[in-house]
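# Overview (structure and organization)
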Amino acid sequence: VILCSPPDKDGKINPAILFAASITRVKKIFKIGGAQAIAAMAYGTKSIPAVSKIFGPGNQYVTKAKQLISQEGIAIDMPAGP
């Protein structure tokens with residue numbers, strides 16, 4: 001179980017997100033968000049492993065990225081977004 005979350009302007013992840021990650025047994029946290037995070041989790045990179053299923057909300061770009069990867073058979077929760 002991994003978590004991708006965009007950092008704030010100081011490069012930090014919101015403490016509430018970190019707390020939620022700690023109580024849900026997230027193994028690794030990466031400072032990345034958006035469609036880039038969806039692609040990284042879907043296909044894997046040198047530092048971010050590919051995952052079995054991608055969960056979470058996002059904007060229109062995240063929604064489109066999730067729709068595109070689901071067409072390739074990569075599991076998503078749903079194409080949520082605005």
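The structure under discussion appears in the preceding block.
The following paragraphs examine the structure supplied in this document. Only a predicted model underlies this, so the values are computations on that prediction, with no experimental measurement involved. Sequence order as written defines residue numbering, which begins from 1 separately in each chain. At least 70 in pLDDT is required for a residue's local features to be given in this predicted model, at least 80 for side-chain atom pairs to be given and counted, and no such filter applies to totals for whole chains, interfaces and linings, which use all residues. No hydrogens and no water enter the side-chain calculation; it runs on all heavy atoms of the structure.

## A word on the overall build of the protein chain
Scanning the protein chain from N- to C-terminus turns up 3 helices and 4 strands. Buried residues are those whose accessible area, probed at 1.4 Å on protein chains only, stays under 20% of the maximum for their type, while exposed residues exceed 50% and partly exposed ones sit between those limits. The buried share of the protein chain, reckoned over its 82 residues, is 26%. Across the protein chain, every contact between residues at least 6 apart in sequence was considered, and the portion connecting residues at least 24 apart equals 44%. Only four residue types enter the tally: Lys and Arg on the positive side, Asp and Glu on the negative side; His and the chain ends are excluded. Where a charge sits is defined by one atom per residue type, namely NZ (Lys), CZ (Arg), CG (Asp) or CD (Glu). On the protein chain, the mean spot of the 10 positive side-chain charges and the mean spot of the 4 negative ones are 7 Å from each other. To qualify as a helix, a DSSP run of H or I must reach at least 4 residues; to qualify as a strand, a run of E must reach at least 2; elements of each kind are numbered from the N terminus. Should any heavy atoms of two residues lie within 4.5 Å, those residues are counted as being in contact.

## Comments concerning the side chain of Lys66
Along the chain, the position of Lys66 falls in helix α3 (residues 60-70). When near neighbours in sequence (up to four residues on either side) are disregarded, Lys66 contacts Ile38, Ile54, Phe55, Gly56, Ile76, Asp77 and Met78.

## A word on the nonpolar core
We call a set of buried Ala, Val, Leu, Ile, Met, Phe, Trp, Tyr and Cys residues a nonpolar core when their side-chain atoms join them within 4.5 Å. Membership of the largest hydrophobic core comes to 15 residues, with the highest contact counts inside it found for Ile38, Met41, Ile48, Ile54 and Ile69. When residues of this core are traced back to their parent elements, those giving at least two are β1 (2-4), α2 (34-43) and α3. Take this core: its biggest share by element is 5 residues, from α2. The contact partners of Ile69, leaving out residues within four places of it in the chain, are Ile38, Ala42, Tyr43, Ile54, Ile74 and Ile76.

## A few points about the environment of Lys64
Here Lys64 shows up in helix α3. Residue classification places Lys64 among the partly exposed residues on the basis of a relative accessible area of 45%. C-alpha separation for the pair Lys64 and Leu18, spaced 46 residues apart in sequence, amounts to 26 Å.

## Some words on helix α1 (residues 15-23)
Its side-chain oxygen 2.7 Å from the backbone nitrogen of Ala16, Asn14 forms the N-cap of α1. With its phi angle positive at about 65°, Arg25 sits one or two positions after the end of α1. Polar contacts, as counted here, are pairs of nitrogen or oxygen atoms within 3.5 Å of one another; within protein the pair requires one atom able to donate a hydrogen and one able to accept it, and residues that are adjacent in sequence qualify only if both atoms are side-chain atoms.

Any link to function would need more than the numbers given here.
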